[in-house]
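Here is how the chains run, residue by residue.
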Amino acid sequence: FVFFQGHPEYDSNALLLEYRRDVARFLKGEINAYPSIPHDYFDDDTTFALHSIQQLALTRPSLELLAEVAAILDPMDIKNTWHSTAVGIYKNWLQYIWAQKAQRPQNTGIALVPHRVDASLPHCVAAGEVPA
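Source: prediction; values computed, not measured. (Residues numbered from 1 in each chain as written. Predicted model: local features only at pLDDT ≥ 70, side-chain atom pairs only at ≥ 80, totals over all residues. Heavy atoms only, no water.)

**Student:** So what's going on with the packing of helix α2 (residues 44-59) against helix α3 (residues 65-73)? Which residues, and what values?
**Tutor:** Two elements in contact, α2 and α3, have axes whose closest approach is 10 Å; the angle formed by their N-to-C orientations is 175°. It follows that α2 is roughly antiparallel to α3 by the angle criterion. Contact residues: α2 offers T46, A49, L50, I53, L56 and A57, while α3 offers L65, E68, V69, I72 and L73. Taken together, the residues of the contact of α2 with α3 break down into nine nonpolar, one polar and one charged. (Axes fitted to C-alpha atoms, helices over the stretch in contact; angles between N-to-C directions. Helix = DSSP H or I, 4+ residues; strand = E, 2+ residues; numbered from the N terminus. Parallel < 35°, antiparallel > 145°, perpendicular 65-115°, else oblique. Contact = heavy atoms within 4.5 Å. Nonpolar A, V, L, I, M, F, W, Y, C, P; charged D, E, K, R; others polar.)

**Student:** Mind laying out the nonpolar core, listing which residues take part and the relevant values?
**Tutor:** In terms of nonpolar packing, the biggest core is built from 18 residues, with L16, Y19, Y34, F42, L50 and L73 touching the most fellow members. Contributing elements (two or more residues each) for this core: α1 (14-27), α2 and α3. The element that contributes the greatest number of residues to this core is α1, accounting for five residues. Those residues within four positions of F42 in sequence are excluded, and the remaining contacts are L16, I37, T47, L50, L73, M76 and I78. (Core = buried A, V, L, I, M, F, W, Y, C linked by side-chain atoms within 4.5 Å. Buried < 20%, exposed > 50% of the residue type's maximum accessible area, 1.4 Å probe, protein only.)

**Student:** Please set out the side chain of Q54 residue by residue, giving values where relevant.
**Tutor:** Mapped onto the fold, Q54 is located in helix α2. Those residues in contact with Q54 that sit more than four places away from it in its chain are Y34, P35 and I37.

**Student:** If you had to explain the packing of aromatic side chains to someone new, which residues and values would you point to?
**Tutor:** This structure, assessed with the given rule, holds four aromatic pairs. Summarising the aromatic geometry, the rings of F26 and Y34 are spaced 5.2 Å apart at their centres and angled 75° between planes, so their arrangement reads as edge-to-face. Judged by centre distance (5.9 Å) and plane angle (50°), the rings of Y90 and W93 are tilted. Of this pair, Y90 and W93 both sit in helix α4 (residues 83-103), three residues apart, which is roughly one turn of the helix. By relative accessible area, Y90 is classed as partly exposed at 27%. Linked through ring pairs, Y19, Y41 and F42 together constitute an aromatic cluster. (Phe/Tyr/Trp six-rings, centres within 6.5 Å; stacked < 30°, edge-to-face > 60°.)

**Student:** Account for the packing of α1 against α3, naming residues and giving values.
**Tutor:** One way to put it is that α1 packs onto α3 with a least axis distance of 10 Å and a crossing angle of 170°. In terms of axis orientation, α1 runs roughly antiparallel to α3. Residues L16, Y19, R20, V23, A24 and L27 of α1 form the contact with α3, whose participating residues are L65, L66, V69, A70 and L73. Across the contact of α1 with α3, the residue classes tally to ten nonpolar, no polar and one charged.

Following this line, the structure appears as structure tokens:
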């Protein structure tokens, strides 16, 4: 098993857009919890300004705060510092899968097809086998 904290496949502004969307959802009353400000994503001045808006939103939620969030986030130019690491992760993963496949015995006569018994867990069954 490999577990990731975060999304290395994201482009530079994806987290910014998700954060902005979730702030809007909070201010519209669609969600009950104000979203956490992403750690080590924004510069210190931006993080401070967003914390100030968060405090206002928690004490006096108002749709007018969306304009303040937009004024802070619209000019942002996030530098994607994780792209090369993400490429390395996926490259290594695909090379591992290729190496494992190359080590399998050829022509076993058993073909595996994907099957999901539980949507949260991947399973495989032999071709022609009736899944449980």
